[in-house]
Amino acid sequence: MAAALREEFAALEAYAPPAETRGDALDANENPLPPPARWREAARGILEQASVHRYPDPRAAGLRSRLAALHGLPGDALLFGNGSDELIGLLLAAFGGPEALCLVPDPTFSMYRICALAQGWRVEEIPLGPDWELGGSFVDAARRLRPTLVFLDSPNNPTGAAFDPAVVDSLRGLEGTTLVVDEAYVEFGGRSLLAAAPREEGLVVLRTFSKAWGLAGLRLGWLAAHPRLVVGLEKARLPYNVGALTQALGCAALDLAPEFLGRVPGLLAHRTRLSAALAGVPGLRQWRSDANFILCSHPDAAALHGHLLQRGLRARRFEGGRLSGCLRISVGDAGQTLRLEEALGSFVPAARP
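Residues numbered from 1 in each chain as written. Predicted model: local features only at pLDDT ≥ 70, side-chain atom pairs only at ≥ 80, totals over all residues. Heavy atoms only, no water.

*Asks:* Even after reading the chapter, I still don't get the sheet that holds strand 12 (residues 316-317), so can you show me in this structure?
*Replies:* Sheet strands pair via backbone hydrogen bonds, and the direction of the pair is either parallel or antiparallel. Strand order in this open sheet of four strands is 9-10-13-12, and the pairing throughout is antiparallel. The sheet is open, and its two borders are formed by strand 9 (285-286) and strand 12, each paired with just one other strand. With two bridges joining them, strand 12 and strand 13 (residues 326-330) adopt antiparallel strand pairing. Pairing of Arg-317 across the sheet is with Leu-327, part of strand 13. Across the sheet, helix 11 (residues 264-279) touches strand 9, strand 10 (293-297) and strand 13, and the angle it forms with strand 10 is around 10°. Sheet strands touched by helix 12 (residues 301-310): strand 12 and strand 13. Its angle to strand 13, the strand with the most contacts, is close to 30°. (Pairing = 2+ DSSP bridges. Helix = DSSP H or I, 4+ residues; strand = E, 2+ residues; numbered from the N terminus. Contact = heavy atoms within 4.5 Å. Axes fitted to C-alpha atoms, helices over the stretch in contact; angles between N-to-C directions.)

*Asks:* What's the story with a nonpolar patch on the surface in this structure? I'm lost.
*Replies:* A surface patch of nonpolar side chains, amounting to about 280 Å² of accessible area, comprises Leu-47, Val-52 and Leu-245. Residue classification places Leu-245 among the partly exposed residues on the basis of a relative accessible area of 31%. (Patch = residues over 30% accessible without salt bridge, like charges linked within 9 Å, V, L, I, M, F, W, Y side chains within 5 Å. Areas by Shrake-Rupley, 256 points an atom, 1.4 Å probe, with all protein chains shown as cover. Salt bridge = Lys/Arg side-chain N within 4 Å of Asp/Glu carboxyl O. Buried < 20%, exposed > 50% of the residue type's maximum accessible area, 1.4 Å probe, protein only.)

*Asks:* Is there a simple way to explain the state of the cysteines in this structure?
*Replies:* Note: disulfide means a covalent bond formed between the sulfur atoms of two cysteine side chains. As enumerated under the stated definition, the model contains zero disulfides in all. Cys-296 carries a free sulfur, and the closest cysteine sulfur to it, the one in Cys-326, is 7.4 Å from it. Look at Cys-326 and you get buried, because its relative accessible area is 2%. (Disulfide = S-S within 2.5 Å.)

*Asks:* Even after reading the chapter, I still don't get the pattern of salt bridges, so can you show me in this structure?
*Replies:* A side chain with one charge can pair with a side chain of the opposite charge if their charged atoms come near. Taken as a whole, this structure holds 20 salt bridges when the rule is applied. With a shortest N-O distance of 2.5 Å, Asp-131 and Arg-285 are connected by a salt bridge. One end of the pair, Asp-131, is in the loop between strand 4 (122-127) and helix 6 (136-145); the other, Arg-285, is in strand 9, and 154 residues separate them in sequence. Given the relative accessible area of 46%, Asp-131 is considered partly exposed. Close ionic contact of Glu-319 with Arg-317 constitutes a salt bridge, the shortest N to O distance being 3.8 Å. Classification of Arg-317 as partly exposed rests on a relative accessible area of 33%. Residues joined in a network through salt bridges with shared partners are Asp-169, Arg-172, Arg-191 and Glu-200.

Written out as structure tokens, the structure is:
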């Protein structure tokens, strides 16, 4: 069977979610807080009343009207997906063709590369700077290569910081190039281009309910773009791609938006505490974060990772490439943050010969 696959497709490695299941999950950038009690109560009623024997609303009208009102956007500038991953795939399907080229930073969210290669795109990866900054070399590559799509995750996963707005702006309006800015973590920091997306035909902004909203299990993502582009993208969208329960539960969350997003300041305070605890670890380096996680490096990252795991705290450890020796630690709740502080405070690096 493998012989029937395209050569470049057969060579791909599938995305592998974290395999470790022990302890507190601080390895997937999830929101550690359960949804508000009023939403959980509404969810029980939704389940009882949902017409799951019928197809869902193909236009997601309830989500559309609520999101448009929340962000002051035209409803016809919005498109919904089964998570942002589906929308990434949809954009690649709509813009793809012979020799289509996609430009991405390295490192960044791995699904841009995986989805692009799976659909036959060429992918050019431009290394970020020494402090994970998006520099002039990326802009020069965009102008020289004239890619069809540029994907920017800002704030960037796994490095944490939002990209310099001036550099991002220099990538807007390039002839023949559409800039896709993934704002999955923007509620935690960084500038948003959401308001500009409906006015700029070469700009798409991706958003998700998985991070600040804390509804990763719903698999609900959306994008904002110029209405003419949305009309074109609709041709590539699978019918009924967002289920009835997901739509109803998403609407219930939007009705309680202040309660959901009102939890962000508390998470930012925990990020500050995590950063202070990391600063006390001998030999550790950390990078500024505008997201709900912090990337750090240590000469004995394996030992630090094991030390945390022994105390029931799962972090993401990277092996190979520029991220070798790095850990990415998600911001936890109050109890998890306290346990992180205690675990980091008790870590003793191995003596160097």
